[in-house]
Amino acid sequence: MSGTTELRGELSIVVLGASGDLAKKKTFPSLLRLFERDALPKNTSIFGYARTKMEQNEFHERISPNLKGSREDSQKKFLDICSYVPGAYDEAEAFQNLTKQIEKTEKERGGDSHNRIFYLALPPNVFASVSAQLKENCYSKSGVNRIVIEKPFGKDLDSCQELIDGMKKLWSEQDTFRIDHYLGKEMVKNILPFRFSNPAVDMSLNKDRVESVEIAFKEPFGTEGRGGYFDEFGIIRDIQQNHLCQVFCLLAMETPESFSAEDIRDQKVKLLKATKPISTDEVLLGQYTAANQKPGYKDDDTVPKDSNTPTFAALVLHVDNERWKGVPFIIKAGKALDEGSVDIRVQYKPVKNPMVDNAKRNELVMRIQPDEAIYMKCNTKAPGHNSISVPVELDLTYSSRFEDAYIPEAYEALILDCIQGKHSNFVRDDELLASWSIFTPLLHAIDQGKVPCSTYPYGSRGPEKLDEFLNKFQYHHDKQYEWPKTNIAKYVEKVEKHP
């Protein structure tokens, strides 16, 4: 059956890796929220599958602490549809037993459309074996089958190609849903509607109007507890090649022919193919050290003492097309920084008008987290007996503008998209390969120790040369800017001292 239609009738959702952190903290809580909002098909059963041997009640006790915030009655009803089946990831007999449990529940539910979604909350080293076992032993012959895969999708171009080739032998692209959870975030899902339903916005996004763009991810904590895992990947593989690259695609792609999944993904691939591989001369790497009573990256016993794995990276993408030629896209991400935030900042070309005194650049900001918001930084005359321009915002903060708005969690939105057969917020195979082509040369150079990695103190903005790097690409960090309110007297005084 086609993987593009909404699943109707009976549905079995199988969460593989059900005893792991991802399943407990994200997958099951998201399924509960969908259950509470009646977004799951009426006849839905959920199965947890993992190597850990435990009884049904123990499984419920394991996932329950992460279900807090829900109504007690709905939590109990949700757990009633959740079963647990222990089993290995490489034994046919174990998967055949899983199928028996699914079929038993399907028979009790009745109906003749036995749809199944297999959600792999698993490390990538078992994707191939689990996918093969599912196709051979658990594939429904009387319904739609879909498989959901979590990142990382390889470590470079070659490993990604190998993963894709292995999966394609088993599962069609239509039935494969590769999750990048950033595509489920409310503000990320709003980028295309905001652009293309507002001509004034979309017409300003081009080389004639834009000086530079920064897409930034900041975490206020380090790799506490997972330094050994993180050291295999680094910040670029963990955040920039996937999450921030997806944001870049939605912001910079051309207008799709329609808002169908394939037309959107076609334009994303077209943009990625027009983007040059990252130059090692346009990268700033960093690794955090102990400060503010917090340990450094290498203080973790699981991290090699000679590690050059970056925990911070600022890198520049250049798009070789008519719209963006010459505009630097700065993709920045780091751990153990001064705050937690993810945002897009489009800085427009500076004002060139002698009648305007001290005007700052216009800047379009889309805040992905925390507290979703879109605002335009623009200029107005400061109140009083002066002619100084002061930056202010034309502000859409979701919490202020939308009364009682329900904003779903990213995984919640994506699981529902999978049930409804919507591929537009999932990553297509050629999209992955095009992205890895941009990042792989740089990643190999870093792995070989050819790119210097400086240090920065825990709790800072990043390496000491960050502002110098940003200024090199026409992006300016405005230290005078004040939000949410401006003290006019103090602002005027600062401007007069440092015009």
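The structure this text deals with has already been given above.
The numbers attached to residues start from 1 for each chain and follow its sequence in the written order. Local features in this predicted model are restricted to residues whose pLDDT is 70 or higher, and side-chain atom pairs enter the listing and the counts only when it is 80 or higher, whereas totals over whole chains, interfaces and linings include all residues. To obtain the side-chain values, all non-hydrogen atoms of the structure were included, while hydrogens and water were left out.

Participant: Explain the environment of Tyr139 to me, please; I cannot follow it from the model alone.
Facilitator: On the secondary structure map, Tyr139 appears in the loop between helix H5 (127-137) and strand E5 (145-150). Sequence spacing of Tyr139 and Arg116 is 23 residues, and the spatial spacing of their C-alpha atoms is 7.8 Å. We call two residues in contact when some of their heavy atoms are within 4.5 Å. When neighbours within four sequence positions are excluded, Tyr139 is seen to be in contact with Arg116, Leu134, Asn145, Trp171 and Asp175. Helix numbers and strand numbers start at the N terminus; a helix is a DSSP run of H or I with at least 4 residues, a strand a run of E with at least 2.

Participant: In this structure, what is going on with the sheet that holds strand E14 (residues 389-397)? I would like to understand it.
Facilitator: Each strand in a sheet pairs with its neighbour through backbone hydrogen bonds, running either in the same direction (parallel) or in the opposite one (antiparallel). The strand order across the open sheet formed by 9 strands is E14-E13-E12-E11-E7-E10-E9-E8-E15, and the pairing between neighbours is mixed. Here the strands that pair on one side only, and so sit at the sheet edges, are E14 and strand E15 (453-457). Along the sheet, successive strands turn relative to each other by an average axial angle of 20°, direction set aside. At least two bridges found by DSSP between two strands are what make those strands a pair. Pairing geometry for strand E12 (residues 363-369) and strand E13 (residues 373-381), over 5 bridges, is antiparallel. Counted as the bridge partner of Leu364 is Met376 from E13. Axis definition: a line fit to C-alpha positions, over the contact stretch in the case of helices; interaxial angles, taken between N-to-C directions, run 0 to 180 degrees. Against the sheet, helix H11 (residues 234-252) touches strand E7 (210-218), strand E8 (283-289), strand E9 (312-318), strand E10 (328-334), strand E11 (341-348) and E12, its axis set at about 140° to E10.

Participant: What exactly am I supposed to notice about the pattern of salt bridges here?
Facilitator: Oppositely charged side chains can pair when the atoms bearing their charge come close. The term salt bridge refers to a side-chain nitrogen of Lys or Arg lying within 4 Å of a carboxyl oxygen of Asp or Glu. Under the criterion given, the structure shown has 28 salt bridges. The partner of Arg33 in a salt bridge is Glu412, and the shortest N-O contact between them spans 3.0 Å. Of this pair, Arg33 sits in helix H1 (residues 21-36) while Glu412 sits in helix H14 (residues 410-419); the two residues are 379 residues apart in sequence, bridging distant segments of the chain. A relative accessible area of 3% places Glu412 in the buried class. In this structure, Glu173 and Arg178 form a salt bridge, with 2.8 Å as the shortest nitrogen-oxygen distance. What makes Arg178 buried here is its relative accessible area of 6%. Look at the salt bridges and you will find they share partners, linking Glu262, Arg265, Asp266, Arg428 and Asp430 into a network. Relative accessibility thresholds used throughout: buried, under 20% of the residue-type maximum; exposed, over 50%; partly exposed, between the two (1.4 Å probe, protein chains only).

Participant: Looking at this model, I keep getting lost on the pairing of E11. Mind explaining?
Facilitator: On any regular strand, side chains alternate: one points to one face of the sheet, the next to the other face. The buried fraction of E11 amounts to 8 of the 8 residues, a majority that puts the element mostly inside the structure. Side chains Ser341, Asp343, Arg345 and Gln347 project from E11 onto one buried face, and the interleaved Val342, Ile344, Val346 and Tyr348 project onto a second face that is buried too. Bridge count for E7 against E11 is 8 bridges, and the pairing is antiparallel. Note that in E11 the partner of Lys218 across the bridge is Ser341. Pairing geometry for E11 and E12, over 6 bridges, is antiparallel. Counterpart to Val342 in the pairing with E12 is Gln369.

Participant: It is not clear to me how unusual backbone geometry should be interpreted in this structure. Could you clarify?
Facilitator: Most peptide bonds take the trans form, and the phi angle of most residues other than glycine is negative. Put simply, Lys151 and Pro152 share a cis peptide bond, and its omega is 10°. Following the sequence through the fold, Pro152 ends up in the loop between E5 and helix H6 (157-168). Here Asn292, not a glycine, exhibits a phi torsion of approximately 55°, which is positive. Along the polypeptide, Asn292 turns up in the loop between E8 and E9. Non-glycine residue Gln474 carries a positive phi angle of around 65°. The residue Gln474 is located in the loop between helix H16 (466-472) and helix H17 (488-497) in this model.

Participant: Is there a simple way to think about H1 in this case?
Facilitator: Since one α-helical turn is 3.6 residues long, residues separated by three or four positions face the same way. Here H1 contains 16 residues, and its C-alpha end-to-end distance of 22 Å stays within 8% of the 22 Å for a straight helix at 1.5 Å per residue. The sharpest bend along H1 comes to roughly 25°, located at Thr27, with the proline Pro29 sitting one to four residues further on. Among all positions in H1, only Ala23, Lys24, Thr27, Phe28, Pro29, Ser30, Leu31, Leu32 and Leu34 are buried. Check the buried side of H1 and you find it contacts strand E1 (10-16), strand E2 (44-50), helix H2 (56-63), helix H3 (72-80), strand E4 (114-120) and H14. Just downstream of H1 lies Asp38, where phi reads positive at about 55°. Expected span, for any helix, means 1.5 Å times one less than how many residues it has. One axis is fitted to the seven residues ending at the residue and one to the seven starting there. The bend at that residue is the angle between these axes.

Participant: Would you take a moment to explain the pairing of E12 for this structure?
Facilitator: Most of E12 is tucked away: 6 of the 7 residues are buried. Linking E12 back to E13 in an antiparallel pair, the connection comprises 3 residues, with Asp371 at a positive phi of about 55°.

Participant: Hey, could you run me through helix H4 (residues 92-109) in this one?
Facilitator: If you check H4, its first and last C-alpha atoms are 26 Å apart, about what 18 residues at 1.5 Å a residue would give, namely 26 Å. Tucked inside the fold, the buried residues of H4 contact E1, E2, strand E3 (82-86), E4 and H5. Among the residues trailing H4, Gly110 stands out with phi positive, at a value near 85°.

Participant: What am I meant to see in the environment of Asn471 here?
Facilitator: Relative to the helices and strands, Asn471 is located in helix H16. Considering only alpha carbons, one finds Asn471 and Arg265, 206 residues apart in sequence, at a separation of 33 Å. Pairs of N or O atoms within 3.5 Å make up the polar contacts considered here, provided that, within protein, one atom can donate a hydrogen while the other can accept it, and that residues adjacent in sequence are counted only when both atoms are side-chain atoms. Side-chain polar atoms of Asn471 contact the side chain of His476, separated by 3.2 Å.

Participant: Got a minute to help me understand the state of the cysteines in this structure?
Facilitator: Two cysteines form a disulfide when their sulfur atoms are joined by a covalent bond. Disulfide assignment relies on a single distance test, namely cysteine sulfur atoms paired within 2.5 Å. Applying the stated rule across the entire model yields 0 disulfides. There is no disulfide at Cys138, and the cysteine sulfur nearest it, in Cys418, is 16 Å away. Given a relative accessible area of 0%, Cys138 falls into the buried group. Considering cysteine sulfurs only, Cys245 is the nearest to Cys160, which forms no disulfide, with 12 Å between them.

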